[in-house]
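Single-letter residue listing:
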Amino acid sequence: SAVISQKPSRDICQRGTSLTIQCQVDSQVTMMFWYRQQPGQSLTLIATANQGSEATYESGFVIDKFPISRPNLTFSTLTVSNMSPEDSSIYLCSVGYDRGPGTDTQYFGPGTRLTVL
Amino acid sequence: TQLLEQSPQFLSIQEGENLTVYCNSSSVFSSLQWYRQEPGEGPVLLVTVVTGGEVKKLKRLTFQFGDARKDSSLHITAAQPGDTGLYLCAGAITYNTDKLIFGTGTRLQVFP
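Residues numbered from 1 in each chain as written. Chains lettered and ligands numbered in written order. Predicted model: local features only at pLDDT ≥ 70, side-chain atom pairs only at ≥ 80, totals over all residues. Heavy atoms only, no water.

Here's the deal with the overall build of chain A
Inference 1: For chain A, the count of helices and strands is 0 helices and 11 strands.
Inference 2: Each helix (α) and strand (β) of chain A, taken in turn from the N terminus, gives the series β-β-β-β-β-β-β-β-β-β-β.
Inference 3: Computed over the C-alpha atoms, the radius of gyration of chain A is 14 Å, within 12% of the 13 Å expected from 2.2 N^0.38 for a compact globule of 117 residues.
Inference 4: Residues counted as buried form 52% of the 117 residues belonging to chain A.
Inference 5: Across chain A, contacts joining residues at least 24 apart in sequence account for 56% of those joining residues at least 6 apart.
Inference 6: For chain A, the accessible surface area stands at approximately 5,500 Å², while carbon and sulfur atoms represent 48% of it.
Inference 7: Side-chain charges in chain A split into 8 positive and 9 negative, and the spacing between the mean points of these groups amounts to 8 Å. (Helix = DSSP H or I, 4+ residues; strand = E, 2+ residues; numbered from the N terminus. Rg over C-alpha atoms; globule rule 2.2 N^0.38 Å. Buried < 20%, exposed > 50% of the residue type's maximum accessible area, 1.4 Å probe, protein only. Contact = heavy atoms within 4.5 Å. Areas by Shrake-Rupley, 256 points an atom, 1.4 Å probe, with all protein chains shown as cover. Lys, Arg positive; Asp, Glu negative; His and termini not counted. Charge placed at Lys NZ, Arg CZ, Asp CG, Glu CD.)

Okay, here's the thing in structure tokens:
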């Protein structure tokens with residue numbers, strides 16, 4: 001497993017501003033992912049953060065709204081841009097190890113709780 | 001669109017009772033994970049099942065992967081207040097090892 005930290009743990013932001021969330025892992029990992037979890041709901045994958053190339057976004061999520069960086073194998077950032085109250089959610093990063101079929105386990109950070117006023 | 005439906009959505013029980021949570025899909029998964037999430041924290045992995053029909057036990061928790069690898073169940077024996085949390089199943093898409101589809105979630109409350 002991996003030890004994953006996220007910063008900030010929570011924030012309250014004004015409409016129209018942007019927030020960058022950091023995810024740091026204590027070891028090199030193959031895959032990093034960003035999820036959104038709206039209050040009381042399950043997880044929705046935003047994108048896969050690819051090291052050295054552009055992130056791969058899921059349907060309904062775009063780079064202009066959620067730019068992602070992954071400069072190395074232990075760090076990634078997610079920016080929530082031009083925020084609105086609908087962006088209020090918990091944002092989670094996770095990491096995975098590509099060791100072949102059946103080893104798709106992911107490990108999660110503690111999450112960033114974002115409230116947009 | 002792959003979808004993992006969990007049932008029940010909510011469950012409130014007394015300490016000592018048994019319960020089963022179901023995770024169903026029309027899609028085949030190469031593996032399936034169960035996670036538990038407590039308030040203010042990220043999901044924590046409980047188990048990964050890989051083989052159709054596989055049964056894994058983790059103390060009072062029993063996990064089963066369906067023969068066709070489309071469904072799974074989690075059975076808790078003699079539930080305790082510490083079992084309270086959001087239970088999530090997540091399936092790995094066959095032949096694509098880098099993405100998980102998360103279930104709709106089951107929120108369990110165990111009262112002392």
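A word on the nonpolar core
Residue and element names in this part refer to chain A.
Inference 1: Counting residues in hydrophobic clusters, the biggest one holds 27 residues, and the most contacted among them are Trp34, Ile46, Phe66, Ile68, Leu78, Tyr91 and Leu114.
Inference 2: Elements represented by at least two residues in this core include exactly β3 (19-25), β4 (31-37), β5 (43-49), β8 (75-80), β9 (89-96) and β11 (112-116).
Inference 3: Here this core gets 4 residues from one element, more than from any other, and that element is β3.
Inference 4: Here Phe66 is in contact with Arg36, Ile46, Tyr57, Phe61, Leu78, Thr79, Val80, Asp87 and Tyr91, once residues within four sequence places are set aside. (Core = buried A, V, L, I, M, F, W, Y, C linked by side-chain atoms within 4.5 Å.)

Looking at the sheet that holds β8 of chain A
All names here are of chain A.
Inference 1: Ordered by their spatial adjacency, 4 strands build an open sheet running β1-β3-β8-β7, and the pairing between neighbours is antiparallel. The sheet terminates laterally at β1 (4-7) and β7 (68-72), the two strands that pair on one side only. Ignoring strand direction, the axes of neighbouring strands in this sheet form an average angle of 15°.
Inference 2: Two strands pair when backbone bridges link them, and β1 and β3 are joined in this way by 4 bridges, in the antiparallel orientation. Its bridge partner lying in β3, Ser5 is registered against Gln24. (Pairing = 2+ DSSP bridges. Axes fitted to C-alpha atoms, helices over the stretch in contact; angles between N-to-C directions.)

Quick look at the state of the cysteines
Inference 1: Under the counting rule described, the total for this entry stands at 2 disulfides over all chains.
Inference 2: Two residues, Cys23 of chain A and Cys93 of chain A, share a disulfide whose sulfurs are 2.0 Å apart. Residues Cys23 of chain A and Cys93 of chain A are joined through a disulfide that is right-handed, its torsion about the S-S bond being 65°. Note that Cys23 of chain A is positioned in strand β3 and Cys93 of chain A in strand β9, a separation of 70 residues in sequence.
Inference 3: In this structure Cys23 of chain A comes out as buried when scored by relative accessible area, which is 0%.
Inference 4: Sulfur-sulfur distance for the disulfide between Cys23 of chain B and Cys89 of chain B comes to 2.0 Å. The disulfide joining Cys23 of chain B to Cys89 of chain B has a torsion of about 80° about its S-S bond and is therefore right-handed. Of the two residues, Cys23 of chain B sits in strand β3 (residues 19-24) while Cys89 of chain B sits in strand β9 (residues 85-93), which places them 66 residues apart along the sequence.
Inference 5: In this model Cys13 of chain A remains outside any disulfide bridge; the closest cysteine sulfur is found in Cys93 of chain A, 17 Å from its own. (Disulfide = S-S within 2.5 Å.)

Focus on the interface of chain B and chain A
Inference 1: Each side of the interface is counted separately: chain B has 24 residues, and chain A has 23 residues.
Inference 2: Of the roughly 1,700 Å² buried at the junction of chain B and chain A (both faces included), carbon and sulfur atoms supply 53%.
Inference 3: Our enumeration of links across chain B and chain A arrives at 0 salt bridges.
Inference 4: Applying the counting rule to chain B against chain A returns 3 residue pairs in polar contact (both at pLDDT 80 or more). (Buried area = accessible area lost by both parts, 1.4 Å probe. Salt bridge = Lys/Arg side-chain N within 4 Å of Asp/Glu carboxyl O. Polar contact = N/O pair within 3.5 Å; in protein donor to acceptor, adjacent residues only side chain to side chain.)

Topic: the side chain of Gln37 of chain A
Inference 1: Within the element layout of this structure, Gln37 of chain A appears in strand β4.
Inference 2: For Gln37 of chain A, the contacting residues outside a window of four places in its chain are Ser42, Leu43, Ser89, Ile90 and Leu92 of chain A together with Gln37 and Leu86 of chain B.

Interpretation note: all reported values are geometric properties and have no functional meaning in isolation.
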